[in-house]
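Working through the structure, step by step
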Amino acid sequence: METNRKVIIVGGVAGGASCAARLRRLDEGAAIVLLERGPYVSFANCGLPYYVGGVIPDEDDLLMVSPDLFRRRFNIDVRVLHEATAIDRRRRELVVRDGATGGEYREGYDALVLAPGAAPLRPPLPGIDLPGIFSLRTIPDSREIREWIAARRARKAVVVGGSYIGLEMTENLVRRGLAVTVVDVLPQVMAPLDGEMAEPVMRCLEENRVDLHLGDGVTGFEADARGGLVVRTAGGASLTADIVILAIGVKPEVALARAAGLEIGELGGIRVDESMRTSDPAIWAVGDAVEVRHAVTGRWCLMPLAGPANRQGRVAADAICGRNARFRGVQGTAVCGIFGMTVAMTGASEKVLKQHGVRDYEVVYLHPYQHASYYPGAKRMHIKLIFSRPEGRILGAQATGEGGVDKRIDVIAMALQKNGTVFDLEECELCYAPQFGSAKDPVNLAGMVAANVLRGDMPAAGWSGLASTDALLIDVREPFEFAADHLDGAVNIPLGDLRDRLAELPRDRELLVYCAIGERSYTAVRILVQHGFRAGTLSGGYVTYCGFNP
Ligand code: FAD
């Protein structure tokens, strides 16, 4: 049904632009105004690191929809360089500053959507405003970084923050020939991953000659005599650089909402209900600026990702048009490519579960090939699956590898969203031909391994308990593998000899069995358990122990 409602949207990129387009599709009669304080709407911020690196050669390729196209196709009144500076909730009016003229005007609304995003964190460290220290959020930011690199003939970069944007920038700076040091206060890169899952990522970075300076926070910046920068750290390091990229996270842009008295959550994001409506019934908010419920923990969280922002924009548009739209919450499904490696995750990590006091969960690791091992080019991926005990509800998954990682995490993400269990993963029917997967896909295998644990067919011992265990460690790999390296105190009984050597094993002591990746140890445990031994496995075998070094 057509209306004459007037909707103003503040912020014209992911959440705002998607809300505007959806609104028009639902309501041909609405007056829709899209305000963007920057010079562009609907640009590809996720592509910015690749523009810096030259993979995306042309700046225009980052512009997905022009203001003109918005006008012609959607009849949306797009105003770039227009910043909303205040909300007069009583009158339902917005105060807007026209960046071109410097003038200010008021614009009335029936419904207001706030999609102002999040700003890169810039802590008040000494020297933070020195020239040559950049954050990356907008097209002009990326242009300035490119120009600085070219003008200064930059050869050395320090990237502060080793998560998604930091690592994407690292790859692209290396691509441009710069030597890069990544500094992070955490002892690992890619903070959303559990520490052990970040090991292959750190190895990959080092193999690509990235210098990792981890577990040490930046305390300040100084200009040096040759016109470069020095990055000082708490640990006493002085890292020289021609350019510094700050990628230490983002902060929701809530100044407008806060000044208008809208409810702000404990994490600093705008509070919304499931239809993305704020504490004012005429105002909705979407994207990086809002707090959302985490689908696994049920807690409020900030999840600055493009997918949720776009979907929330649609939900807000539906709700404004009177539809019963509900945002399901976020689960943190994310992917990142670094030097040919894919890193992906969904749901809660083990560290997040621990933070929230969740104890009833199990973890399995597996290292399957991304497609049939006999088909050329097969490479192992590393998967960690976290699930509730005893129900087997999927709580989270993380994976790294060279190929096929994203599709496995996507499948698990969908199962998680539907409240699926490891038994569902065990059973799910996925497409297969040798160059794409295996008849038992890595997703099936993850479900099978986890289901084996829950059914008691393959009791799993946690790696964290290894140091204090009284169990006898049995390595069922071949002698040459054992000779190359093994766990301290392990005895070597190759799987093929196990049935003949059962008499050597104690019946009054727990047996912990491992092999290379967990496949032979599974068979070994089945033999032992059926012969009356108390036996379990170390999940994912020696490859897990070695930080996923195949
Ligand atoms: P934004 O897209 O940031 O848009 C907000 C807009 O509002 C801005 O253009 C801002 O200028 C405007 N604005 C703010 N205040 C006002 C005001 N008062 N008046 C008018 N306009 C205003 N996510 C992924 O899922 N995958 C990725 O690979 C990925 N890569 C990224 C790479 C980079 C370099 C960056 C910066 C982000 C990346 N993200 C990625 C995150 C993703 O881009 C954001 O989650 C998403 O854009 C958030 O959408 P949003 O609409 O909330 O905010």
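Bear in mind the structure is a predicted one, so any value in this text is a computation, not a measurement.

**Notes on the overall build of the protein chain**
- Scanning the protein chain from N- to C-terminus turns up 15 helices and 30 strands.
- Whereas a compact globule of 550 residues would reach a radius of gyration of roughly 24 Å, the protein chain reaches 27 Å, a difference of no more than 12%.
- Put simply, of all contacts in the protein chain between residues at least 6 apart along the chain, 62% involve residues at least 24 apart.
- Total accessible area on the protein chain stands at roughly 24,100 Å², and carbon and sulfur atoms take up 49% of it.
- Considering the protein chain, the positive charge centre built from 62 side chains and the negative charge centre built from 68 side chains are found 3 Å apart.

**A few points about the site of the ligand**
- For the ligand, the set of nearby residues contains 27 residues, the closest of which are Gly 15, Glu 36, Ala 84, Asp 288 and Ala 306.
- Between an oxygen atom of the ligand and a side-chain N or O atom of Arg 137, the distance comes to 3.3 Å.
- Leu 305 is positioned such that a nitrogen or oxygen atom in its backbone is 3.2 Å from an oxygen atom of the ligand.
- Here the ligand, which alone exposes 1,000 Å², has 88% of that area covered by the protein.
- Elements represented by at least two residues in the shell around the ligand include exactly helix H1 (14–26), strand E2 (31–36), strand E4 (82–88) and helix H8 (306–320).
- Residue assignment places the shell around the ligand across two domains, with domain 1 (6–48 + 60–117 + 251–320) and domain 2 (133–248) each supplying three or more.

**With respect to the pairing of strand E30 (residues 535–538)**
- One ladder, built from 2 bridges, connects strand E26 (residues 460–461) with E30; its direction is parallel. Looking at the pairing, Ala 461 lines up with Leu 538 of E30.
- Judged from the 3 bridges that link them, strand E29 (residues 511–514) and E30 form a sheet pairing that is parallel. Residue Leu 512 lies in a different strand from E30, and its bridge partner there is Gly 536.
- Read from E29 through helix H14 (residues 519–530) to E30, the crossover connection turns out right-handed.

**Considering the packing of aromatic side chains**
- With the rule as written, the count across this model stands at 5 aromatic pairs.
- Look at Tyr 514 and Tyr 542: their rings are 6.1 Å apart centre to centre, the planes differ by 25°, and that puts the pair in the stacked class. Here Tyr 542 lies in helix H15 (residues 541–545) and Tyr 514 lies in strand E29, a separation of 28 residues in the sequence.
- Taken together, Trp 463, Tyr 514, Tyr 542 and Tyr 545 form an aromatic cluster joined through their ring pairs.
- Stacked on the ring of Trp 148, the Lys or Arg Arg 152 has its end atom at 4.0 Å from the ring centre.
- A cation sits over an aromatic face here: Arg 380 above Tyr 369, 4.3 Å from the ring centre.

**A short note on the sheet that holds strand E23 (residues 361–366)**
- Spatially, the 5 strands line up as an open sheet ordered E21-E22-E25-E24-E23, and their pairing is antiparallel. At either margin of the open sheet sits one strand with a lone partner, and together these are strand E21 (334–338) and E23. Averaged over all neighbouring strand pairs, the angle between strand axes comes to 10°, with direction disregarded.
- Here helix H10 (residues 405–417) sits on the sheet and contacts E21, strand E22 (341–347), strand E24 (382–388) and strand E25 (394–401); the angle it forms with E25, its principal contact strand, is near 175°.

**Brief notes about H1**
- Taking 1.5 Å per residue, 13 residues should reach 18 Å; H1 reaches 18 Å between its end C-alpha atoms and fits that length.
- The complete set of buried residues in H1 reads Gly 15, Gly 16, Ala 17, Ser 18, Cys 19, Ala 20, Ala 21, Arg 22, Leu 23, Arg 24 and Leu 26.

**A short note on the sheet that holds E29**
- An order of E26-E30-E29-E27-E28 is seen for the 5 strands of this open sheet, with the pairing classed as parallel. Since the sheet does not close on itself, it has two edges, and those belong to E26 and strand E28 (491–492), each with one partner.
- Bridge analysis of strand E27 (residues 472–475) against E29 gives 4 bridges, and the strand direction is parallel. Following the sheet pairing, Ile 474 is matched in E29 by Val 513.
- Sheet strands in contact with H14 are E29 and E30, and its direction is about 170° off that of E30.

**Things to note about the domain arrangement of the protein chain**
- Its domain assignment divides the protein chain into domain 1 (6–48 + 60–117 + 251–320), domain 2 (133–248), domain 3 (340–455) and domain 4 (460–545).
- Distance from the C-alpha centre of domain 2 to the C-alpha centre of domain 4: 42 Å.

**Considerations on the state of the cysteines**
- Under the definition given, this model contains 0 disulfides.
- Of all cysteine sulfurs in the structure, the one in Cys 46 sits closest to Cys 301, which takes part in no disulfide; the separation is 18 Å.
- In this model Cys 546 remains outside any disulfide bridge; the closest cysteine sulfur is found in Cys 515, 12 Å from its own.

**Remarks on the side chain of Thr 537**
- If you trace the backbone, Thr 537 turns up in strand E30.
- Those residues in contact with Thr 537 that sit more than four places away from it in its chain are Met 458, Pro 459, Ala 460, Ala 461, Leu 512, Val 513, Ser 521, Tyr 522 and Val 525.

**Observations concerning unusual backbone geometry**
- Along the chain, Arg 389 connects to Pro 390 via a cis peptide bond; the corresponding omega equals 10°.
- Residue position: Pro 390 is located in the loop between E24 and E25.
- Despite not being glycine, Ser 42 shows a phi value in the positive range, around 45°.
- Even without being a glycine, Arg 92 presents a positive backbone phi close to 50°.
- Turning to its location among the elements, Arg 92 is positioned in the loop between E4 and strand E5 (93–98).

**Some words on the pairing of strand E13 (residues 218–223)**
- As defined by bridge partners, E13 adjoins strand E14 (residues 229–233) across 5 bridges and the pair is classed as antiparallel. Across the sheet, Gly 220 pairs through a bridge with Arg 232, a residue of E14.
- Linkage of E13 to E14, two consecutive antiparallel strands, is achieved through a turn of 5 residues, within which Gly 227 is found at a positive phi near 85°.

**With respect to H10**
- End to end, H10 covers 18 Å across 13 residues, agreeing with the expected 18 Å (1.5 Å per residue, within 8%).
- Along H10, the residues that are buried comprise Val 405, Arg 408, Ile 409, Ile 412, Ala 413, Ala 415 and Leu 416. Seen along its axis, H10 keeps its buried residues to an arc of 165°; they face one direction.
- Looking at the packing, one finds that the buried side of H10 touches E22, E24, E25, helix H11 (422–427) and helix H12 (442–455).
- Among the residues trailing H10, Asn 419 stands out with phi positive, at a value near 60°.

**Here's the deal with the nonpolar core**
- Core analysis: the largest hydrophobic core is formed by 87 residues, its most contacted members being Ile 145, Leu 173, Met 190, Val 201, Ile 243, Leu 385 and Leu 487.
- The residues touching Leu 173, leaving out its near neighbours within four places in the chain, are Val 52, Ile 149, Ala 157, Val 159, Leu 178, Val 180 and Ile 245.

**Quick word on the pattern of salt bridges**
- Taken as a whole, this structure holds 34 salt bridges when the rule is applied.
- Here Lys 384 ties to Asp 194 by a salt bridge, and the two come within 2.8 Å at their closest N and O atoms. Remark: Asp 194 occurs in the loop between strand E11 (179–184) and helix H6 (195–207) and Lys 384 occurs in strand E24; sequence separation between them is 190 residues. There is no split in this pair, since Lys 384 and Asp 194 are both buried.
- Overlapping salt bridges bring together Arg 37, Glu 83, Arg 97, Arg 137 and Glu 253 as one network.

Criteria and thresholds
Residues numbered from 1 in each chain as written. Predicted model: local features only at pLDDT ≥ 70, side-chain atom pairs only at ≥ 80, totals over all residues. Heavy atoms only, no water. Helix = DSSP H or I, 4+ residues; strand = E, 2+ residues; numbered from the N terminus. Rg over C-alpha atoms; globule rule 2.2 N^0.38 Å. Contact = heavy atoms within 4.5 Å. Areas by Shrake-Rupley, 256 points an atom, 1.4 Å probe, with all protein chains shown as cover. Lys, Arg positive; Asp, Glu negative; His and termini not counted. Charge placed at Lys NZ, Arg CZ, Asp CG, Glu CD. Near = heavy atom within 4 Å. Polar contact = N/O pair within 3.5 Å; in protein donor to acceptor, adjacent residues only side chain to side chain. Domains from an automatic or database assignment. Pairing = 2+ DSSP bridges. Right-handed = clockwise from strand over helix to strand, strands pointing away. Phe/Tyr/Trp six-rings, centres within 6.5 Å; stacked < 30°, edge-to-face > 60°. Lys NZ or Arg CZ within 6 Å of the ring centre and 35° of its normal. Axes fitted to C-alpha atoms, helices over the stretch in contact; angles between N-to-C directions. Expected span 1.5 Å × (residues − 1). Buried < 20%, exposed > 50% of the residue type's maximum accessible area, 1.4 Å probe, protein only. Disulfide = S-S within 2.5 Å. Arc of directions from axis to C-beta. Core = buried A, V, L, I, M, F, W, Y, C linked by side-chain atoms within 4.5 Å. Salt bridge = Lys/Arg side-chain N within 4 Å of Asp/Glu carboxyl O.

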